[in-house]
Amino acid sequence: MLKETEISWLTPYEERILEAIIECGSVKAAAVELNLAIQTIYNVLHRIRVKLVKSQNTVNKINVYKKQSRTLKRLLIPIQRVKPLEIEEGEEEEEKWKL
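All values reported here derive from a predicted model rather than from experimental measurement.

### Description of the nonpolar core
Counting residues in hydrophobic clusters, the biggest one holds seven residues: Ile-17, Val-27, Ala-31, Ile-41, Val-44, Leu-45 and Ile-48. Residue assignment for this core shows that the elements contributing at least two residues are helix H2 (27–34) and helix H3 (38–68). Ranked by residues supplied to this core, first place goes to H3 with four residues. Those residues in contact with Val-27 that sit more than four places away from it in its chain are Ile-21, Ile-38, Ile-41, Tyr-42 and Leu-45.

See below:
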């Protein structure tokens, strides 16, 4: 399951179906587990593939713009995710988010 702080373009329903496929190991088993028709699972997977293609197209378009401009290349660098540090017992909660 995604953390609440992460942005997801998937609906909770789509996420639940993906998680069921992972847990059950197959579309058929996931359909049984979720009490859905197999075709319903395939319809949701199709919608997810459409979203994936659209997001890949967006990334490709942005990369074309970045190749045309040094300024855009510098401004549109990917965001680096920072993993929280492990905190020792007794440390303040804010300490684990230091860089």
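Now that the structure has been shown, we can carry on.
### Side note on the packing of helix H1 (residues 12–24) against H3
Relative to each other, H1 and H3 sit at 110°, their axes nearing to 10 Å. Relative to H3, the element H1 is oriented roughly perpendicular. Seen from above, H1 lies across H3 with left-handed handedness. Across the interface between the two elements, Tyr-13, Glu-14, Ile-17, Leu-18 and Ile-21 from H1 touch Thr-40, Ile-41, Val-44, Leu-45, Arg-47, Ile-48 and Lys-51 from H3. Considering only residue class, the contact of H1 with H3 consists of eight nonpolar, one polar and three charged.

What counts, and where the lines are drawn
- Residues numbered from 1 in each chain as written.
- Predicted model: local features only at pLDDT ≥ 70, side-chain atom pairs only at ≥ 80, totals over all residues.
- Heavy atoms only, no water.
- Core = buried A, V, L, I, M, F, W, Y, C linked by side-chain atoms within 4.5 Å.
- Buried < 20%, exposed > 50% of the residue type's maximum accessible area, 1.4 Å probe, protein only.
- Helix = DSSP H or I, 4+ residues; strand = E, 2+ residues; numbered from the N terminus.
- Contact = heavy atoms within 4.5 Å.
- Axes fitted to C-alpha atoms, helices over the stretch in contact; angles between N-to-C directions.
- Parallel < 35°, antiparallel > 145°, perpendicular 65-115°, else oblique.
- Left-handed = near helix turned anticlockwise from the far one by under 90°.
- Nonpolar A, V, L, I, M, F, W, Y, C, P; charged D, E, K, R; others polar.

In short, geometric facts, not functional conclusions.
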